[in-house]
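# Summary of structural features
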Amino acid sequence: MIECEELVKIYKTADIEAVALQGLDLTVEDGELMVIIGNSGSGKSTLLNMLGGLDRPTAGRLFVDGIDLLKLNSSQMVKYKRDTVGFVWQNNARNLIPYLTALENVELPMLLSRRIKNKRSRAEGLLDTVGMSNRKNSRLSQLSGGEQQRVAIAIALANNPRLLLADEPTGAVDSKTAAHILDVFRELNRKMGLTIVIVTHDRQLTSKVDRVVAIRDGKTSSEILRKKSYTEELAEIAAGVVTSTTGDSHEELAVIDRSGRVQIPREYLETMGLKNRNKIRIEMENGRVIMCLPEDIVSD
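To keep things clear, this report deals only with the structure shown in the data block. (Residues numbered from 1 in each chain as written. Predicted model: local features only at pLDDT ≥ 70, side-chain atom pairs only at ≥ 80, totals over all residues. Heavy atoms only, no water.)

## Points about the sheet that holds strand E9 (residues 211-216)
- Sheet architecture is open: 7 strands sit in the order E6-E7-E8-E3-E9-E10-E11, paired in mixed fashion. Either end of the sheet is taken by a strand with one partner, and the two such strands are strand E6 (85-88) and strand E11 (250-254). Sheet twist, expressed as the mean angle between neighbouring strand axes with direction ignored, is 20°.
- Note: strand E10 (residues 219-226) against E11, 5 bridges, orientation antiparallel. (Pairing = 2+ DSSP bridges. Helix = DSSP H or I, 4+ residues; strand = E, 2+ residues; numbered from the N terminus. Axes fitted to C-alpha atoms, helices over the stretch in contact; angles between N-to-C directions.)

Structure below.
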């Protein structure tokens, strides 16, 4: 569904040039539910904006559902945003129009599509899918934060997208509500086969998905993968089988980019005393790659 290769994004002003992405590689399969994590400024929101057609890469390759986003003109990009991708924002003021009801909010984007018939019944069906059919006549001020976010998800699904993007969808709610919102995403992924990419700071969400990609300094630095799928673990719990603890259920793997580079975790470098040094010895020993401090470095 998504293929990013050597993706670069540079923001320029009159005096400043900021590099948000520095050759990022990423592949997301059709029908996958995955999470992207990273600190502020790591480039994760920049990536999401480019996947959503809200921004364009400076260099590299970016394909979504077989569409080369770097080659789209303005009208083609509008069609892509309208037909292929749905977006859920953290700030509900960007998701919902306050003077419309939940039902009217979901119907609104359908007015831009000639493909969708029976818009009212489809909007009601989407609200039922996210568990909000009983609040369809409520306005923004009458809904809780979690309810607003579920309506926002229904809006993002209005034009039947192939890809759903969510930028910090649980950032403004408590942990219990966040778990409910993630359950909605999981159900959409399971029942509709929808590809979903979620950007978040919330590490608790990573325990409920099978794949997490960590971005640092504009590149993919590691992937956190489940040893068993979340669905398999739930089935084992239901059957009374003792499963592994949360700490043992995932494995974090470093990502090797196309040039053979690996990002070493900052805490590892500090432990080795490399915080202010930039040279290290790499050796092969019994099929393992060993990193160690050089015995002697001749300064320039």
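## Re the sheet that holds strand E2 (residues 17-28)
- Read across the open sheet, the 4 strands follow the order E2-E1-E4-E5; overall the sheet is antiparallel. The outermost strands of the open sheet, each flanked by one partner alone, are E2 and strand E5 (67-68).
- Sheet topology note: the strand E1 (residues 2-12)/strand E4 (residues 59-64) ladder contains 5 bridges and is antiparallel. By the bridge assignment for E4, Glu3 is matched with Phe63.
- Sheet strands in contact with helix H1 (residues 44-51) are E1, E2 and E4, and its direction is about 110° off that of E1. (Contact = heavy atoms within 4.5 Å.)

## Quick look at unusual backbone geometry
- Even without being a glycine, Glu6 presents a positive backbone phi close to 50°.
- Inspection of the secondary structure puts Glu6 in strand E1.
- In this structure Glu6 comes out as partly exposed when scored by relative accessible area, which is 28%.
- In this structure, Asn286 is a non-glycine residue whose phi angle is positive, near 55°.
- Within the secondary structure, Asn286 sits in the loop between strand E12 (281-285) and strand E13 (288-292). (Buried < 20%, exposed > 50% of the residue type's maximum accessible area, 1.4 Å probe, protein only.)

## Some words on the pattern of salt bridges
- Scanning the entire structure with this criterion turns up 18 salt bridges.
- The salt bridge partner of Arg261 is Asp257, with a shortest N-O separation of 2.7 Å.
- The exposure class assigned to Asp257 is buried, which follows from its relative accessible area of 15%.
- Where salt bridges share partners, they join Glu3, Glu5 and Arg61 into one cluster. (Salt bridge = Lys/Arg side-chain N within 4 Å of Asp/Glu carboxyl O.)

## A look at helix H5 (residues 119-129)
- Turning to H5, its buried residues are Ala123, Leu126 and Leu127. Along the axis of H5, the buried residues cluster in a sector spanning 100°; they form a single face.
- Summarising the contacts, the buried residues of H5 are in contact with helix H4 (102-107) and helix H6 (145-156).
- Gly131 occupies a position one or two residues after H5 and carries a positive phi of about 75°. (Arc of directions from axis to C-beta.)

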